[in-house]
Amino acid sequence: MILERLFSDVSPEVARILEAALAGHELSTADAAVLLRAEGADLFALMRAGDLARREDNGDDVSFVITRNINFTNVCYVGCSFCGFSRHKEDADVYDHDMEALVAKARNAVERGATEICIQGGIHPNKDHSHYHEILVAIKQEFPNLHIHAYSPEEIDFGHPKSGMSLPDYFRWLMDAGLGSMPGTAAEILDDEIRKLISPKKLRTARWVEIVEAAHGVGLPSTSTLMYGHIESHEHVANHLGLIREIQQRTGGFTEFVPLGFIHERNILFNHMNARSGASMPEDLRLIAVSRLFLRPFITNIQMSWVKMGPKLAQMALMSGANDMGGTLMEESISRESGSQHGENLPAEEMRRLIREVGRIPVQRSTTYGTVARFDDPEKDPPSLEPTTPRDLAGPERWRLQHQQSDGDEKKKLRVASC
Ligand code: SF4
């Protein structure tokens, strides 16, 4: 039988783990570490198993959210070695947007069809908890129906002590002002041995877990993330997945898991600390498939990052276990300033095209995975809300548009244009 021959050289150990995962058994972190090393026939079998599990968990729908990233300041004194985004106050290209500018960005997002904005910023030494609250109030006053996905556990860790409130009360206070969900960023690798090396001043694993569980405890959902491809081992990744699964078993508050590949070009971690130059293509696909098999049935939304992978590898991820394309973003600084070349805006029409090219059905979702619109029939797609659609252009023009469409930040455009 030809089909049997296709998988005849899969190693017995990998075959056993994949069979267990597809039969609905919970994998151990040791199993995950084995799968994270899969190569050749084992890798193909892993990707196929990830895709089968994805179909069982999510069907053929692939979701995306129309969202805009808003970074309110790039001033940050935490000094993470993998960060190309942060600036010191005296640097020439710092920004610290006022409320008017932030509301204008939110307005631009709404005009382009956004249901969500994602707000994060550097840890600015002159700010405190009240600043985070003010931003929510200012935006919600103008756009009460816009979902605000905001403030990483690092920002919560910074704002919370100055508030004088308990952690649950601090979250309730932010939620009353309009906070709808929390990005599960600042996770990187949830292992203090690694954290001390790559971001010594950042919150430690126990505090990250405390903050996330407190958020979930008061009904605030969050995403969960991991940053890989730098100095971590397979065991660190497997243990990180194990911790995420344990938290989810306790709280049920994670909406999705998002593996984030390390972007290496412009940061200390790669240039001065001997980190690897990000993940390889097989590593990206392995992690998508392993996340799917390891986290099911507790987390069944596995998101790939098109900003980190680029659109073609994102399509491969959709064939290896991912079911979510993430956000359109409109404006993206964090990856771009570390050297990502994949743009900062992927309009809804491009999302739909990429999804259909792999034979799946595009679904626009809310932040918490409610269906906003299904697009079964390409003939009935809505008109683009982008000022000019990338489809109208070709080659360099199209590339430039995708990089410049966020808004009128001229300094940023110049920087992008010179990359
Ligand atoms: S990753 Fe975040 S906390 Fe770390 S230096 Fe960059 S902006 Fe600051």
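Residues numbered from 1 in each chain as written. Predicted model: local features only at pLDDT ≥ 70, side-chain atom pairs only at ≥ 80, totals over all residues.

**Looking at the overall build of the protein chain**
For clarity, the cut-off: A run of DSSP states H or I qualifies as a helix once it reaches four residues; a run of E qualifies as a strand once it reaches two. Both are numbered from the N-terminal end. Any residue whose C-beta has 12 or fewer other C-beta atoms within 10 Å is treated as exposed, any with 20 or more as buried, and any in between as partly exposed, C-beta atoms being built from the backbone. Contacts are defined on C-beta atoms placed from the backbone: any two residues whose C-beta positions lie within 7 Å are in contact.
Across its full length, the protein chain holds 18 helices and 10 strands. For the protein chain, the proportion of its 419 residues judged to be buried stands at 51%. Restricting to contacts in the protein chain with at least 6 residues of sequence separation, those with at least 24 account for 78%.

**Considering the site of the ligand**
Cut-off, in case you're wondering: Placing a C-beta atom from the backbone of each residue, we mark the residue near a molecule or strand if the atom is within 6 Å of it. Residues are grouped as follows: Ala, Val, Leu, Ile, Met, Phe, Trp, Tyr, Cys and Pro are nonpolar; Asp, Glu, Lys and Arg are charged; every other residue, Gly included, is polar.
Close to the ligand lie C76, V78, G79, C80, C83, F85, S86, G122, I123, E154 and S199. For the shell around the ligand, the residue count by class is 6 nonpolar, 4 polar and 1 charged.

**Quick look at the sheet that holds strand β5 (residues 179-181)**
Strands in a sheet are paired, the pairing made by backbone hydrogen bonds, and the direction either parallel or antiparallel. Operational definition: Should DSSP find at least two bridges between two strands, the strands are taken to pair. Axis lines are fitted through C-alpha atoms, for helices just across the contact stretch, and the angle between N-to-C directions can take any value from 0 to 180 degrees.
Across the sheet, 4 strands lie side by side as β2-β3-β4-β5; this open sheet has parallel pairing. The open sheet has two edge strands, β2 (67-71) and β5, and neither has a second partner. The mean angle between the axes of side-by-side strands here comes to 40°, regardless of whether they run parallel or antiparallel. With 5 bridges connecting them, β2 and strand β3 (residues 116-120) associate as parallel partners. Across the sheet, the residue bridging to N71 is Q120, located in β3.

**Examining the environment of L295**
Relative to the assigned elements, L295 resides in helix α13 (residues 281-295). Counting along the chain gives 50 residues from L295 to R245, while the straight-line C-alpha distance between them is 6.0 Å. Residue contacts for L295: discarding those within four places in its chain leaves L241, I244, R245 and F257.

**Section: helix α7 (residues 153-163)**
For α7, the tally of buried residues reaches 8 of 11 residues, placing the bulk of the element in the interior. Within α7, the full set of buried residues consists of P153, E154, E155, I156, D157, F158, G159 and H160. Those residues of α7 that are buried lie in contact with β3, α6 (129-142), α8 (167-176) and α10 (205-217). At the exit of α7 stands G164, carrying a positive phi of roughly 75°.

**Quick word on the nonpolar core**
This is how it is decided: Only buried residues count toward a nonpolar core: Ala, Val, Leu, Ile, Met, Phe, Trp, Tyr and Cys, linked into one set through C-beta atoms within 7 Å.
Core analysis: the biggest nonpolar cluster contains 104 residues, and V14, L35, L46, I117, I119, A314 and A317 have the highest contact counts within it. Element by element, the count of residues in this core is highest for α13, at 8 residues. When neighbours within four sequence positions are excluded, L35 is seen to be in contact with V14, I17, L46, R286 and V290.

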